[in-house]
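Structural characterization, general
Chain residues, written in single-letter form:
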Amino acid sequence: MNLFLETLIGGLLAGTMYSLVAIGFVLIYKASGVFNFAQGSILLFAALTFVTLLEKGLPFVAALAVTIAILILGAIVIERTVLRPLANRSPMTLFMATLGLSYVVEGAAQGIMGAQVHALDLGIEDVPIFLGDVLISQFDLVAATTAVALALILALLFNNTRIGISLRAVADDTRAALSVGINLNRIWQIVWAVAGIVGLVAGMLWGARQGIQFSLSLVVLKALPVLIIGGFTSIGGAIAGGLIVGAAENLAETYVGPYIGGGITPWFPYFLAIAFLYIRPAGLFGERALERV
Amino acid sequence: MSQTLSNPPLVSRGVAPVTRLAPVALPGPRLGLGLPALLLLAFGVVPQLGGEYWLGAILVPFLILSLAGLGLNLLTGYAGQTSLGSGGFMAVGAFATFGFVVHGGLPLPLAIFLAGLVTAGAGLVFGLPSDRIKGFYLMVSSLAAQFFFEWLFQKFPWFYNYGSSGTITLPRLELFGFDIGSAQGRYYVTLSTVVLLTWIAVSLTRSQIGRNWMAVRDMDTAAAVIGIPVYRSKVVAFAVSSFYLGIAGALWAFLYLGSASVQSFGISRSFQVLFIIIIGGMGSIAGNFIGAAFISLLPLAIDHIAQGFFAGHVDAGLLQNIQKAIFGLLIIGFLIKEPDGLARLLRTLGERLSNWPLRF
Amino acid sequence: MSIPATHAASPSAPPLLDVRGVSLSFKGVKAISDLSFSVARGEICALIGPNGAGKSSLLNVLNGVYVADAGEVVFQGEHFRQIEPIDAARRGIARTFQNNALFRKMSTLDNVLTGLARHTRSGLLSQALRLPGARREEARLREKAEAILDFLDLQAYRDFTVGSLAYGIQKRIELARALVSSPTLLLLDEPLAGMNAREKAEMSAFVRDINRDLGITVVLIEHDVGIVLSLSDHVVVLDYGRKIGDGAPDAVKSDAAVISAYLGAVH
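The written sequence of each chain sets the order in which its residues are numbered from 1. Written order determines the labels here, with chains lettered from A and ligands numbered from 1. Local features are withheld for residues below a pLDDT of 70 in this predicted model, meaning they are given only at 70 or higher, and side-chain atom pairs are given and counted only at 80 or more; totals for whole chains, interfaces and linings count all residues. With hydrogens and water excluded, all non-hydrogen atoms of the structure serve as input to the side-chain values.

Regarding its fold elements, chain C presents 10 helices and 10 strands. Relative to the compact-globule value of 18 Å for 267 residues, chain C shows a C-alpha radius of gyration of 19 Å, a close match. With respect to the principal axes defined by its C-alpha atoms, chain C has extents near 65 × 40 × 40 Å. When each of the 267 residues of chain C is scored for burial, the buried share is 57%. The long-range fraction of contacts in chain C, counting pairs at least 24 apart against all pairs at least 6 apart in sequence, stands at 67%. All accessible-area figures derive from a Shrake-Rupley calculation using a 1.4 Å probe, and residue coverage is judged against the displayed protein chains alone. Accessible area of chain C: about 11100 Å², with a carbon and sulfur share of 53%. The way it works is that DSSP assigns letters per residue, a run of H or I at least four long becomes a helix, a run of E at least two long becomes a strand, and they are numbered from the N terminus. Every radius of gyration here is taken over C-alpha atoms, with the globule rule written as 2.2 Å times N^0.38, N being the number of residues. The cut-offs for exposure are 20% and 50% of the maximum accessible area for each residue type, with area from a 1.4 Å probe on protein chains only; residues under the lower value are buried, those over the upper are exposed, and the others partly exposed. Whether two residues are in contact is decided by their heavy atoms, any of which lying within 4.5 Å being enough.

Two side chains carrying opposite charge are able to pair once their charged atoms lie near each other. Salt bridge, as used here: a side-chain nitrogen of Lys or Arg that lies within 4 Å of a carboxyl oxygen of Asp or Glu. Counted under the stated rule, the structure contains 21 salt bridges over all chains. A salt bridge links E249(A) to K222(A), with the nearest nitrogen and oxygen atoms 3.5 Å apart. Of the two residues, E249(A) is situated in helix α10 (residues 235–255) and K222(A) in helix α9 (residues 219–230); the sequence distance between them amounts to 27 residues. Just as E249(A) is buried, K222(A) falls in that class too. The salt bridge involving R172(C) is made with E202(C); its shortest N-O contact spans 3.5 Å. Here R172(C), found in helix α6 (residues 167–179), pairs with E202(C), found in helix α7 (residues 197–213); they are 30 residues apart in sequence, far enough to count as distant. Looking at E202(C), the relative accessible area reads 30%, which means it is partly exposed.

A separate point is the sheet that holds strand β9 (residues 234–239) of chain C. Residue and element names in this part refer to chain C. What makes two strands pair is DSSP finding at least two bridges between them. The six strands are arranged β6-β7-β8-β3-β9-β10 in an open sheet whose pairing can be described as mixed. The open sheet terminates on both sides in strands that have one partner only, identified here as β6 (93–96) and β10 (242–247). Mean inter-strand twist for the sheet, computed between neighbouring axes without regard to direction, equals 15 degrees. Direction of pairing for strand β7 (residues 185–189) relative to strand β8 (residues 217–221): parallel, over a ladder of five bridges. What sits directly across from L188, in β8, is L220. Geometry is summarised by axes, namely lines fitted to C-alpha atoms with helices restricted to the contacting stretch, and by angles between N-to-C directions that run from 0 to 180 degrees. Relative to the sheet, helix α1 (residues 55–62) contacts β3 (44–48), β6, β7, β8 and β9, its axis offset from that of β7 by approximately 150 degrees. Where α7 meets the sheet, its contacts fall on β3, β7 and β8, and the angle it forms with β8 comes to roughly 155 degrees.

Here L346(B) lies in helix α13 (residues 341–354). Separated by 56 residues in the primary sequence, L346(B) and I290(B) have C-alpha atoms spaced 9.5 Å apart.

Okay, the interface of chain B and chain A next. Residue-level contacts link 55 residues of chain B with 64 residues of chain A. With both sides pooled, the region where chain B packs onto chain A buries about 5400 Å², and carbon together with sulfur makes up 72% of that total. Polar contacts, as used here, are pairs of N or O atoms within 3.5 Å; protein pairs need one atom able to donate a hydrogen and one able to accept it. Residues neighboring in sequence count only if both atoms are side-chain atoms. Taken together, the links from chain B to chain A amount to eight residue pairs in polar contact (both at pLDDT 80 or more). Elements with a contribution of two residues or more to the side of chain B that touches chain A: α5 (136–155), α8 (220–225), α10 (267–280) and α12 (316–337) of chain B. A per-class count over the side of chain B that touches chain A returns 37 nonpolar, 11 polar and seven charged. Values labelled buried area give the accessible surface lost by two parts on being combined, using a 1.4 Å probe and summing over both. Nonpolar residues are Ala, Val, Leu, Ile, Met, Phe, Trp, Tyr, Cys and Pro. Charged residues are Asp, Glu, Lys and Arg, and all others, Gly as well, are polar.

Turning our eyes to something else, we now look at the packing of aromatic side chains. Two descriptors summarise a pair of aromatic rings, namely the distance from one centre to the other and the angle between the planes of the rings. Aromatic rings from Phe, Tyr and Trp, taking only the six-membered ring of Trp, are treated as a pair when their centres fall within 6.5 Å; an angle between ring planes under 30 degrees marks them as stacked, one over 60 as edge-to-face, and anything in between as tilted. A complete count under the given rule lists 35 aromatic pairs over all chains for this structure. With a centroid separation of 4.7 Å and an interplanar angle of 55 degrees, the aromatic rings of W252(B) and Y256(B) are classed as tilted. On the criterion of helical spacing, the pair formed by W252(B) and Y256(B) is a turn pair, its members being four residues apart in helix α9 (residues 230–257). When the NZ atom of lysine or the CZ atom of arginine is within 6 Å of a ring's centre and also within 35 degrees of its normal, the charge is said to sit over that ring. If you follow K324(B) out to its NZ or CZ, it ends over the ring of Y103(A), 5.2 Å from the centre. It is R177(C) that lies over the ring of F103(C); its NZ or CZ is 4.7 Å from the centre.

All names here are of chain C. For chain C, the assigned domains are domain 1 (13–92 + 183–267) and domain 2 (105–182). Placing a centre on the C-alpha atoms of domain 1 and another on those of domain 2 gives a separation of 27 Å. Listed per partner, the contact involves 21 residues of domain 1 and 13 residues of domain 2. Around 1300 Å² of area is buried between domain 1 and domain 2 when both sides are counted, 73% of it from carbon and sulfur atoms. Sorting the residues of domain 1 by area buried against domain 2 places P183, M203 and F206 first, and these three jointly supply 37% of that buried surface. Across the contact surface, domain 1 and domain 2 share one salt bridge. Inspection of the domain 1/domain 2 interface yields three residue pairs in polar contact (both at pLDDT 80 or more). Going through the elements one at a time, α2 (85–90), β7 and α7 are the ones with two or more residues in the side of domain 1 that touches domain 2. Take the side of domain 1 that touches domain 2: its biggest share by element is six residues, from α7. Of the residues in the side of domain 1 that touches domain 2, the class split is 12 nonpolar, three polar and six charged. Where each domain begins and ends is defined by an automated method or by a domain database.

As a further point, take a nonpolar patch on the surface. For patch detection, residues must exceed 30% relative accessible area and be free of salt bridges, and they are connected within 9 Å for like charges or within 5 Å for nonpolar side chains (Val, Leu, Ile, Met, Phe, Trp, Tyr). On the surface, L35(B), L38(B), L39(B), L41(B), V45(B) and L49(B) cluster together into a nonpolar patch covering about 540 Å² of accessible area. Classification of L39(B) as partly exposed rests on a relative accessible area of 33%.

This part covers the environment of N321(B). Relative to the elements of secondary structure, N321(B) occurs in helix α12. Once residues lying within four places of it in the same chain are set aside, the contact partners of N321(B) are E106(A), G107(A), Q110(A) and G111(A).

One face of the sheet, then the other: side chains in a regular strand alternate in exactly this way. Residues and elements named next belong to chain C. Taking burial as the measure, the six residues of β9 include six buried ones, the bulk of the element. The alternating pattern of β9 places H234, V236 and L238 on one face and V235, V237 and D239 on the opposite face, and all of these are buried. Bridging between β3 and β9 involves four bridges; their strand directions are parallel. Paired with I48 across the two strands is V237, which belongs to β9. Between the end of β9 and the start of β10, which pair antiparallel, lie two residues, with Y240 showing a positive phi angle near 50 degrees.

Below, the structure written as structure tokens:
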């Protein structure tokens, strides 16, 4: 029973990291209908920029501020040079453009800042603690709390600020939003910047644990099953999806893995997502548009 | 197309962009004398002129990548189904070929052909969800294939015959008793295979099956209404596409690399094949060759330029990242300026040139 | 309120299509309520009514794109509570769409050829290797498609991608694609929409030819009342998903309920 609980809790906590990555996706998807494959490379870029600035001797807060400024600038550049010229194109074209974008961002990040692994110390002790008689990673606990806090802040922002309301209007009915004078380009810039900042947080947490390196950008691939299970349009769904994937893959690895050779976490979430799609084609929280002919 | 995603808040929803351009004529089905000339060049002239390096290290991989592009293009460019699993299916082809030769004792050509069929079967299985899953969602199925096969061929030593490093190698490349290990031999075998499979692909795209694929791609609801078996068309596209990818994988492992492992067919291979068809042109046969040529030659060109400018002072890692960024920029540039790829660009250019004195 | 139908065919012959008590709703909003009418073999039946009356939804039920909540459709004596689009096509129900549903990147000829998908017999291998059987079949299909292109005067656009052609031409290509499969019943969703007077006249002449020369039963949705009255044998009037009129064009024209709901509002 303890093993089960430990596996489950460990998986749930790790799942919050997937949730963080997925939230960045959902924001962009909601505002612009773009399936942003570059989210992973933006995460890498953000974390790499931050750690490089730290290594150059900048204080923590200054490094954070400069990184965020760069991410905002990057969002504006991406909106101007990629999204605007591709407005009105098919979702598939936009997806492929972000695939290209991910190459540019990765190439630039590693070309400028190097490809070596950077250690990042956030001052969180990674000593396991006992909760009752269940062993839990303290680091995971901090990371999970951060993820949940971030999601709450985002939810509050989107429900209570002008920008948030505009964003929801755009997501709901783009043309109606345009007709009441909402500046779509500005919305896109903001959303990409926010997604970048979410990526930075995820990148810092993830990077603190396994080092900041190229493989960080691959977490984008894990976000796909998370999004499919949670739905592309719901932040709550992204969180739930992350938790489900985290818990399920951990449980599967522990209980099924040994029978088939182990190491099944790279592919297990995708099969899980396919199974989910059969049961709920639009994910747990997503709504499916009616097909009109 | 078939993206029925939940609530895509696109600006253009519901308003089809009205084309106010001149009607576009599709190219005629014949290349005239161009094709025989091209074949003569490829079979007769190139092997005489090209040295060991050009044949074995440039042209063989170029041809195999063209073939892989062709496989993905049938699925994505013609049938409109997205896939990020090309690398995984290439791995199936390579490891199945190895299995048929080593465990089954079959001759190489038969082993490769059967490996193609095995890969087709694998593709069919991972295409099965396409009745319920559409658009981006379907990507999850191809990624499942990619990571599952990477895991499978690494985890179970039977697939690489219990070698220590997990690599697969064939002792001697033989075709009907002839040694084809030389660069020229490998070039000829690759070229012949690619030509044959290209001819079949052209036949398919011009048949009812090909038209059904394109109909499903352009509008699947309408396709069902006019009596096209949509699901079967998709599954067949997955199978045929995987057949091509499987053979490309086998050639890549044994005729180009010589010895391969799962790492030769990772997710970055899938991206590479996808980039070939984006740059070359989705829904174009010639585009695969153009895209593959581009993707094979660009790194050489960048290398050359960097050597020329900086006299070898550029770090190899940096160069790789520059290459990567340039690829990304090109992808974005193509999608913005020429969504139909280099194939269309070259055709437009050709048409303008032929009208040159009148208008350019 | 409804007027007894006066069908073209003899009253004793069973109708080709019989819609019985069909209801359809989207998320609680009724699009069609308890609708019944029948279409005789060989007639042109027009569905008219204001926007949102449920006309297109009805066509979508008839060929299986939507599934009705209640009621059934009887086609050639077969009863359907629900039908898959492909089965509807196999039974000879063809249709065109309100906003063209052509395959935009394919040529005119290829679009028309897709209409013959369900007549193709040769398999994957024989098409891939261009075996003689597949070649003969392809030639036969092409001949048929060419004949339809001739019939609808579309040869000039044969090799152009349809996405780049004018709207009126696209409507005609869509008609060709529906027609090439030799359907028994042709459902046309606003075939004259967005056309100028000359194009409308041409298109109605084509519809009449299709009905008279090829003997195909037609159910069409149209807003131009003048054309509806001159073209059709039988008119069904819908308003808010209910039938408010059903009969010969002249009889429907003079019905008070129909005039107040629809005709009066237009003229």
